[in-house]
Amino acid sequence: MVSISQIRRLASRAGRDLLDVVFPIECVSCGNSGGLICSSCARDLPVLQRPYCEVCATPGNFARCQTCAESARWFDGIRAPYRYAGAIRQAILALKYGGIRAGSAQLGDLLAHYLKEHPVPGEIVVPVPMPRDRQRERGYNQADLLARRVALQCGMPCETAALARTRRADPQAGIADSNLRAANVAGSFTVAPGADVNGLQIILVDDVATTGSTLEECAATLKRAGAKSVWCLTLARSIGDPRAE
């Protein structure tokens, strides 16, 4: 039997939202209809609380984590409203793998609200790109959807094609070691032909930050092309096993 998630993925590839009317989105936590996360469950989302590293947002009672203290980062910082746990983790997985594309509006609004409450320097919004074959299979890039929503709500342009993939890396979720994750994405990105990021303050959007390897590689690419600053904005900060993404 074909599941609703499978039907949704087919609909997403066809660019249709009719199924969101036929099958209303249910809360990933309690099952009530009306949104990916209902208003009641939204009040209990796992907020990322200080203290955490001022650069990469790794939770801990320090100004900078050991990694950020020992070596300079290409990104200026990572910021996220939530820990990667509970309902927000379920919601991200539903958007990422469950074909529930319409949930990106609510999640993007949560991210935009956080950015308004915790502003960082930014002139344009850029999503982390996905390999073309993976995007064709999924029907969309969740980072792209989130970035578009953040840009819309915060009144900034969204340059969805500023970054491009130069090669297909293995999925980061299957790699636990941080050094291997960095090596996996090394050289995977380029500034797209015709895109000009010179002197710009960029907000780089993705769904989850784990070791920061993908964000670091994207930021390095943008900085080498002349970007003035790159602040990374993700829905959640993972603090556990990277393979749980």
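Look up a bit, the structure's there.
A quick note: this is a predicted structure, and the numbers were derived from the prediction, not measured.

Participant: Got a sec to walk through the pairing of strand β6 (residues 201–209)? Specific residues and values, please.
Facilitator: Judged by how many residues are buried, β6 sits mostly within the fold: eight of nine residues are covered. Of the pairings in the sheet, the one linking strand β3 (residues 124–127) to β6 comprises four bridges and is parallel in character. Bridge assignment links V125 to a residue of β6, and that residue is I203. Bridge analysis of β6 against strand β7 (residues 229–237) gives eight bridges, and the strand direction is parallel. Bridge pairing in β7 links L204 to C232. Crossover connection from β6 via helix α10 (residues 213–224) to parallel β7: handedness right-handed.

Participant: Provide a residue-level description of helix α6 (residues 103–117), including the pertinent values.
Facilitator: The terminal C-alpha atoms of α6 lie 22 Å apart, and with 15 residues this matches the ideal 21 Å at 1.5 Å per residue to within 8%. Of the residues making up α6, those classed as buried are G103, S104, L107, G108, L111, A112, Y114 and L115. Buried residues of α6 fall within an arc of 165 degrees about the axis and therefore sit on the same side. Exposed and facing more than 90 degrees away from the buried side of α6 are K116 and E117. The inward-facing, buried residues of α6 contact β1 (77–79), α5 (86–97), α8 (142–154), β6 and β7.

Participant: Help me get a handle on the side chain of R237, residues and values and all.
Facilitator: Secondary-structure assignment places R237 in strand β7. Within polar-contact distance, the side chain of R237 engages the backbone oxygen of C56 at 2.8 Å. If we skip the residues at most four places from it in the chain, R237 touches L48, C56, A57, T58, A80, Y82, R83, Y84, A209 and T210.

Participant: Describe the side chain of S104, with residues and values.
Facilitator: Within the fold, S104 resides in helix α6. Owing to a relative accessible area of 9%, S104 belongs among the buried residues under this scheme. Not counting residues up to four positions away in its chain, the partners in contact with S104 are L95, L145, L146 and R149.

How each quantity is defined
Residues numbered from 1 in each chain as written. Predicted model: local features only at pLDDT ≥ 70, side-chain atom pairs only at ≥ 80, totals over all residues. Heavy atoms only, no water. Buried < 20%, exposed > 50% of the residue type's maximum accessible area, 1.4 Å probe, protein only. Helix = DSSP H or I, 4+ residues; strand = E, 2+ residues; numbered from the N terminus. Pairing = 2+ DSSP bridges. Right-handed = clockwise from strand over helix to strand, strands pointing away. Expected span 1.5 Å × (residues − 1). Arc of directions from axis to C-beta. Contact = heavy atoms within 4.5 Å. Polar contact = N/O pair within 3.5 Å; in protein donor to acceptor, adjacent residues only side chain to side chain.

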